[in-house]
Structures are given as structure tokens and as C-alpha cells.
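This is what each chain is made of:
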Amino acid sequence: MLKKVSVGFCTRLFFSQNNSQIAKTMIYPNFRWFLSLTIILVTMMSFTDPNFSQSKQGISGTILRLSGDQMPTIDTTSLRTKPEPIKTTVWIFSGRIPAQGTNWSVAQAQKHPHLIKQISSDSQGNFFVELPSGEYTLLAQYDDNLYLNNFLGDGSYGTVQVTNGQIVNIQLINTEKAYF
Amino acid sequence: MLDQSFNLSDSNVLDDIFQLPTLGVGSGLGRSDLITPFVRKSLQGLDSDFLSNSLEEYQLELKNRWQSSESLSSWPQDGDFLTGQSSFVGLPSSVDLAGNTLATARAITVGSSTTSYTDWVGSTDTNNYYCFSLANSGNFNLGLTGMTADADVLLLNSSGSVIASSTNGGTASESITSQLSAGTYYIRVYPYQSANTNYNLAVSAAPLAPVDLAGNTLATARAITVGSSTTSYTDWVGSTDTNDYYCFTLANSGNFNLGLTGMTADADVQLLNSSGSVIASSVRAGTASESITSQLSAGTYYIRVYPYSGNTNYNLAVSAAPLAPVDLAGNTLATARAITVGSSTTSYTDWVGSTDTNDYYRFSLANSSNFNLSLTGMTADGDVQLLNSGGSVIASSTNGGTASESITSQLSAGTYYIRVYPYQSANTNYNLAVSATSGGGGTGFNSTYGYGLVNAAAAVAQAISQPTFADVPNLGGNNWGNDMVNAPEAWARGYTGQGVTVAVIDDGVDILHQDLSNNIWRNTREIAGNGIDDDRNGYVDDIHGWNFTTGFGGNSGNVRPESALSTHGTHVAGTIAASNNGIGITGVAYNSRIMALKIANTDSNNNWINTGNLAQAIRYAVDNGARVINMSLRWSDSTALRDALAYAASRNVITVSAAGNSSGSSPGTPAYYATQYGFSVGAVDSSRTIASFSNRAGTNSSMQHVMAPGVNVYSTVPGNGYASYSGTSMAAPHVAGVVALMLGANPNLTHAQVRSILTSSAVRLP
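Since the structure is predicted, the reported quantities are computational estimates derived from the model, not experimental observations. (Residues numbered from 1 in each chain as written. Chains lettered and ligands numbered in written order. Predicted model: local features only at pLDDT ≥ 70, side-chain atom pairs only at ≥ 80, totals over all residues.)

**What to know about the sheet that holds strand 24 (residues 393–397) of chain B**
Residues and elements named next belong to chain B.
Thinking step 1. One open sheet accounts for five strands, arranged 19-21-26-23-24; its pairing is mixed. The open sheet has two edge strands, strand 19 (337–338) and strand 24, and neither has a second partner.
Thinking step 2. Pairing analysis gives two bridges linking strand 19 to strand 21 (residues 359–365), with the strands arranged parallel. Bridge pairing in strand 21 links Arg 337 to Tyr 361. (Pairing = 2+ DSSP bridges. Helix = DSSP H or I, 4+ residues; strand = E, 2+ residues; numbered from the N terminus.)

Quick look at the structure:
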């Protein structure tokens, strides 16, 4: 997809997601070095930051894990353990999936006909996936299981709705070893 | 002059004599009445002078008609010319300017100046109705005078119901005085039995003059005397005088009585201590009288009278009869009063003070039992001890001030003593309530599981003095927690927590969740969104609870969680009261109501921030109708927190606190106050084994510590979602729900009774 970048009064540059094509218009010679530097920096960003969304819509999320005593407290001597960001694989399914409990084995999940794709979260637990409009189920992988502790009233796993032009932000939090 | 041989028997002659012209409208008499003189034909023995006068006037052709009729009217009804029955002369008759029904009532003006109306009632006109309206409240006065026979008068409201009446006998005047609010009223004048009479009706209504003799603040309170004889004070409250304060001092303890009467709009009354805190209040609706009765110790007090709606005068009557010291209990161990302590609570009222510093009671237990004692109704600081047969103290309760005391202890068979005594120079009555329930199977209290797993089938049954409810099939699946506490057994008997409000003090509740929205408490005395503290509880628009957090969005009626990590309170609420609607889950007390009290926000590190005042939240719950308070949290200890817990207990509000998740040997704060107030709750898993993280009960058997499901508990989370969480936070709402089931079955249970029943009916573990 193209992202339009407006620079200065007289110049517009168009970038493709993979930098495959650059269209030039009239460029005043005294701006050339500055524009070249900008092109390089923007291209680097597009490849290194998954959240630098050149897309129109999808799901942006963070994988976290809570553990230990998470009982609400104002006792300053025992602040709760911070959420731990998790670098793992995020499995994305279309539509609703009847829940198998909080843990669903990878062996079973990989056979499910609604499996669309898998992406990875980074060391901060962040991920982004571009998706068409629709309802999706996302689970995070922990060893041989996929984990999701969020459900709908009909017993399905919790889902995410993607709508036109919108990026939905979610958190997938593992509370298996947390005590509230 | 007539010939004295005039033949009086000729009625035609009499007619000729006495038929005078009718005086019509516009005769200049000041009335529009028609006056037709009339003489009954039963005359006998007419006086010649009478006849002569009559004939002269007739012959003069009545040049002055009014004078003629007046002279006739002035003739006596008895005397030498009128013999015979029911004779009268010169009376205006058939005068009927007033309507004969409510619908045809004559419209009259009633103002500050007296207006008068003359009419007649009798056998042919048995009702005269008048109708008037007042634009403002006023002191209405009516006088009915000038009667020659017995007539009476009624004052009616717009519906025709009698407000006041005057029914004096004979020709005595009638009168009615009444304070009336703005509106429409009727007056009915009517004859007594077969009386016929003219009357003059005079009416007026002087606008109420607001009286303000009482002070409008505590500092300017009117000093009044309150003694054994009743003293009364009349004043006014309304839109321009919203507070009337009175101040009085008692030299000795007394039984204080207050009555607020004579109101024409809704006003209420409070009794305050010397610091201005409310001791008691009376807030009946409409113009109903208010009353307060309370035992007060010596000291200074205030009375506050205030309007709820409208403007009204009132009469305040107060008295305080000195307490009569009672001493039925023995003053030494040897003379201790023998009492019975059984499964049903027995109560004893007595007094301790400067002249009676020890009250001893003695009782025996045949079996090992869960003993429970409460000391309540004090107006000064009294304390209590439980002693063994040798007089050594086993347990004690020594709360400050007038706070109730309580002792719960597992006792083996044997003889024991109770000692009640005043703290320092206190003088006070007290009520001592005791019970002892056989410990049942197992070893009773233990330091790990406390009294064991809560059992709704037994607890709710005991609450209504019935045998344990029969077992019903488990629901299974995500309802395993309900199954484990035997909630379905109570549901099968119709006990679902109906009518019970459970406060959840937490990080907010998603009150729009599909499984909670129908079970959220609604403050019916508050109008949503009008920015007015309609119920005057100190909180504006507190529709579903209150947000006690500090910072942006806090101190408001917005009780919903504000961040993705704020799921805790919604999860707790669902365990208590999620609807039984076939969606998601069902709460333990699925017909109870959740009062959402938001005490904190959650930051990105899952820590609670912007925390509010927990003691204040507890008091709000108590003051606004909650019977159970769930606290799945850990808090710093303080005197204010302890006092708030004591306050809740004194109002028979049951606090349920999570024991904590640090695998400790005893509960954390506030759960550890369960030695005196409410419950501490530990967590078990689906096999009834204590969760590794759960704090234990500890070694003090006074700790009312019980167990409930707390591992992988499925419940509601914001956004119509559900999740499985573990923790004593999940166990506590199961117990809160069971308590709600008990109170739904028997709302009269006291704090002590709930504690005793729940612990004695629990299933001993392991």
C-alpha cells in the first residue's frame, strides 16, 4: 500500500511499503539531500516497527503475563508483580471458536479450518496484523498450548471485531499463574 | 285597632293579615335573597296587640317593607301568641344560595380578611356546600353563628373527605381552625336531625407566617430543655429555612423520646451527638409524624428538623426519662446469674455502671459447641469477657465507645462464665445475646481451613429454623463453584437472595454487562443526572453506587472500570449476582443486587492507583442499604477502618473479606478483623483442597474464617466477557452470595447470628 508523505510546499513523494517505486515531481535542488535522508529513515522504520502501520485496518496487540499475588492492594510493602511482556506466536482464526478452556493444544488448533495465519510478537509483546473487516479469534502460544482467558456468553473464545479503516488494540493476558 | 271579637279561626283572615309582599332582588337590603315572611297556620290565642300591629302595617301597605319584615322577625317564637308546635315567625326560608352537593358547591373567597355568608339549612335543605381554593398555605378559620337551631359544619378536602368538624349541640356556635396547604377545599353546613335554622358563615385564611425560632446551624442551635416531662416546640421549615437545630444536655442517662407532628408537608428529623454525627433518624414519607426513641447517656445532643419537600409548620415534642438501673445479674462469680445457652439465641438485658461494676452470668454446655456472644444496645463503653470454670479469661471483647462487642469461640463441654463490666466511669444498659451450636462432625475449627467450607443448604435452612435442604443434582461445568457451596439446594427452595443488596468495594463494576445489568442496585431516592443530591445522603447522582477514587473521574457516580486491566470488580460481582438467564454464568445469589463502590483505578502495571477511602466506602454501603459488603482486597490497617467495620456490624451488615494470597499463616487486613466482624475467606480448589496461595485461618478460633471455591473461578469481565481467575478474591464473593441467600430467607438475622450459623453449618475440612 502506498503512503503519501507531504514534504515542503512543492514536493510530494509517494512511498510503497517495500520501497519498490518512488515517483518524483518537481524537486528544488537545494532540498535533495534532506529528502534523501528522509526517504532512508522512513524506509528503515517501515521494516523495523510492526506497529508502524502503513495499513488501513487490523489488530494491534500486546501479549502479557501476570503471575503471583495480584490481589488488589494499597499496602505499599507488597506491590504486585508487573505484567511480563511475552515474545511468542499469535495464532489468528476467523470467526468464533468454541472454547476448549483457557488452554487449547497446538496439535488440535493447527488443524482447525478457521486458522488464517500466525504472527510473532516482539520482545515487548507487541504485534500487529492487518486483517479485512470481520470477527477474529486470537490466541497466544505457550509451549504446546494456545492460551486465551476470555470468553463470550455462548461459550466461544472472546473475539475481536475489525471494521473498515480501524485498527483495534487488544491485550492478551495470561493469568494462569496469577492469584487475585 | 281590631274588634276584639275578631274571629281568629278564620285562616283566610290570618292569611290576609300576614301575607306580606315578597321582597325581590335589588330591594336594597344588601342581599340577593328572597324574603317571604311566613307564619305557620297552627296559631292559637293570638294577642290582640299583635293582630293590631299586623293589621296596621298591612293597611299601611307596607311603605317600608324591610322594616315590616324585620318587625315580624323580631317577634318571639313563644309567648302568648304562638302556641302549638314548631311555630316561628319572620324566618327567611327557602334561602339556598349554597349548593346542595359537592359538584354544585358555591364558590366563595377565603382570604386574610373575613368574608361572611348567610344561608339556611333545614328539612328541605339538608346540605349547604361551599367551595374555596387557597393559593398558599394558611391558617384557616371558620365560624358558624347566628343559629336558632342545631346546625353543624364540616371542612372537607378536594376529594370530599372530612378534614375537621364542629358539632356543638343546640344553637351554640361552631368553629374550625386548621392549617391548610394550597389547594381546594369544601365547607358543608347541615342541620342536626330535623333542625331548621339560618346561619352566618364567616371564613378567613391568614397566610402562614414562617416561624424560625430554632437555629439554622449546629453553632446557633436553639437550647431546649429535655426532661422527664414532655416539652414542645413549634416552628417551620421549608424552602427558605432548610434546617432547624435544637441543642439539649442530659445530666444522666435516659430513655429519650422525640415526636415530630402537625406537618402539612414532608419533613424529617435527626438526632445528632455532640460532634454532629447522626445517631438516629426518622424519615417517613409525606405528612406522617416522625419519632425517635433512643437510650442516651449523659451529654450534649442536637436535633435537626429539615424539609424533604414543601413547606410546613411542625410541633416537636421531646422528653427523656431517666434510666432505671437494672441489676439482675450477679456481681461475683459465686452469685453469677444462671442462664441457658442453646442453639437458639437467648437475650438478657441489664445495666452496669458506677454502682454496679460487674455482671456475671454462668452457663454450662453438654457438648463441644461453637459459642457466640454479642453485647449490644449500649449508650456508654461496656466490655465483656468469657471465663472458664475457674474464672480465668478465655476471650474478651473490648471495643471503644458504644460499639457492640462480640465473642465467638469453640468450647468443649463444661461450665463457663460471662462477665460484663463498664469501661472506667461508664454507665449503660446493655443487651447480652448468647447461643451455642454443637460443633457437628470433624474437629471444628482448625488453623488451616478455619470452620470449613460454606454450605448454603445448611446455612440458609438454619436461618429459617429448618432442617438442611435436600440435595439436588449438580449443575456442573462453570457452575462448579455454586455446586460446591450447595447454592442450587437453596435456589430449589426459592431462596435466591431476593431483596438483598451486596456492596462490592473494588475497581469498579461493568454495570452494563449482559449478565449483570439486571442485578445492579438502583438508588430509588435519587433522580439520575440532575446534579442534585435528591436523597440528601451527601452524594450527588449516586444511582448505582459511588466512585470513591481520587483524581480525574473520581468522587462521582461513575462506577464502571476505566482500563482494560480493571476486570477484578466485575469478576467478583458476577460470582455474587450474575443473572440466571442461560448466558455465561449464574451468581450464588442471582436475585440479589450489586451496589458498585469503586475504590481504585488500575495502572498499566496492574497496580491500584487513585485509591479512595475504604472506611468511607464501608459506611456508604451501610448507610445506603447494603446488607453484605464484599472486600476482595488488602488494605492498610487503621482506626478508621476498624471503626467502620464495627459500624457495619452494629447495623447487622456483614463484611466478607478475602484472606489474602501470600500463603500466610493467618488472614491479612481487613480479613483479620473477622475475630469480631464479618468473615475471612480462604480458597479451595475443585477437590476441596486449600489453594497453595491461600492465607490460612490462624490459631485463634474467634476468627470467623471459612473456605469457598477460589481456583479457576469462571465469572464476568467487562465488555460482556467471561474469564477464569484464581484467588481468595474469587472465594470471598461465594461467601458473600451465601450470606445474601441467608438474609434473603431471613432479613432479621443479626450480625452475630449470621456468623454463628455460617460457621456452625460449614462442612469441616479436610
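**Some remarks on the sheet that holds strand 1 (residues 106–107) of chain B**
Residues and elements named next belong to chain B.
Thinking step 1. In spatial order, the strands read 1-3-8-5-6; together these five strands make up an open sheet with mixed pairing. Looking along the sheet, the strands with just one partner apiece sit at the ends: strand 1 and strand 6 (162–166).
Thinking step 2. Bridge analysis of strand 5 (residues 151–156) against strand 6 gives four bridges, and the strand direction is antiparallel. Across the sheet, the residue bridging to Val 153 is Ser 166, located in strand 6.

**So, the confidence of the model for chain B**
Thinking step 1. Of all residues in chain B, 86% have pLDDT values of 70 or greater, and the mean over the chain is 86.
Thinking step 2. Across residues 1–92 of chain B the pLDDT falls below 50, and counting only partners more than four positions away or on other chains, this stretch makes 80 contacts in the model. (pLDDT = per-residue confidence, 0-100. Contact = placed C-beta atoms within 7 Å.)

**Concerning helix 4 (residues 456–463) of chain B**
Residues and elements named next belong to chain B.
Thinking step 1. Counted residue by residue, helix 4 has eight buried out of eight residues, so it is predominantly covered.
Thinking step 2. Looking only at helix 4, the buried set comprises Ala 456, Ala 457, Ala 458, Ala 459, Val 460, Ala 461, Gln 462 and Ala 463.
Thinking step 3. Its buried side turned inward, helix 4 meets helix 6 (487–492), helix 10 (728–745) and helix 11 (751–761). (Buried ≥ 20, exposed ≤ 12 C-beta atoms within 10 Å, placed from the backbone.)

**Observations concerning the interface of chain B and chain A**
Thinking step 1. Counting residues at the interface gives 33 residues for chain B and 23 residues for chain A.
Thinking step 2. Elements with a contribution of two residues or more to the side of chain B that touches chain A: strand 38 (721–725) and helix 10 of chain B.
Thinking step 3. Here the side of chain B that touches chain A gets five residues from one element, more than from any other, and that element is strand 38 of chain B.
Thinking step 4. Partitioning the side of chain B that touches chain A into residue classes produces 12 nonpolar, 17 polar and four charged. (Nonpolar A, V, L, I, M, F, W, Y, C, P; charged D, E, K, R; others polar.)

**A closer look at the packing of helix 4 of chain B against helix 10 of chain B**
Residues and elements named next belong to chain B.
Thinking step 1. Where helix 4 meets helix 10, the closest approach of the two axes is 8 Å, and the angle between their N-to-C directions is 25°. If you check the angle between helix 4 and helix 10, you find them roughly parallel. Relative to helix 10, helix 4 is oriented so that their crossing is right-handed. Contacts from Ala 456, Ala 459, Val 460 and Ala 463 in helix 4 reach Val 738, Leu 741, Met 742 and Ala 745 in helix 10. (Axes fitted to C-alpha atoms, helices over the stretch in contact; angles between N-to-C directions. Parallel < 35°, antiparallel > 145°, perpendicular 65-115°, else oblique. Left-handed = near helix turned anticlockwise from the far one by under 90°.)

**Looking at the pairing of strand 38 of chain B**
All names here are of chain B.
Thinking step 1. For strand 38, the buried fraction is high: five of the five residues fall into the buried class.
Thinking step 2. Along strand 38, one buried face is formed by Gly 721, Ala 723 and Tyr 725 and the opposite face, lined by Tyr 722 and Ser 724, is buried too.
Thinking step 3. Bridge count for strand 37 (residues 713–717) against strand 38 is five bridges, and the pairing is antiparallel. Counterpart to Val 717 in the pairing with strand 38 is Gly 721.
Thinking step 4. Counting the residues in the hairpin turn of strand 37 and strand 38 gives three residues, including Gly 719, whose phi is positive at 85°.

**A few points about unusual backbone geometry**
All names here are of chain B.
Thinking step 1. Between Thr 669 and Pro 670 the backbone carries a cis peptide bond, its omega angle lying at 5°.
Thinking step 2. For Pro 670, the location among the structural elements is in the loop between strand 34 (654–658) and strand 35 (679–684).
Thinking step 3. Between Leu 765 and Pro 766 the backbone carries a cis peptide bond, its omega angle lying at 0°.
Thinking step 4. Among the structural elements, Pro 766 can be located in the segment after helix 11.
Thinking step 5. The phi angle at Asn 555 is positive, at roughly 50°, despite the residue not being glycine.
Thinking step 6. Structurally, Asn 555 is set in the loop between strand 29 (545–547) and helix 7 (568–577).

**Overview of the environment of Asp 119 of chain B**
Residue and element names in this part refer to chain B.
Thinking step 1. By secondary structure assignment, the location of Asp 119 is in strand 2 (residues 115–121).
Thinking step 2. Given 20 C-beta atoms within a 10 Å radius, Asp 119 is considered buried.
Thinking step 3. It is 6.7 Å that separates the C-alpha atoms of Asp 119 and Asn 200, two residues lying 81 residues apart in sequence.

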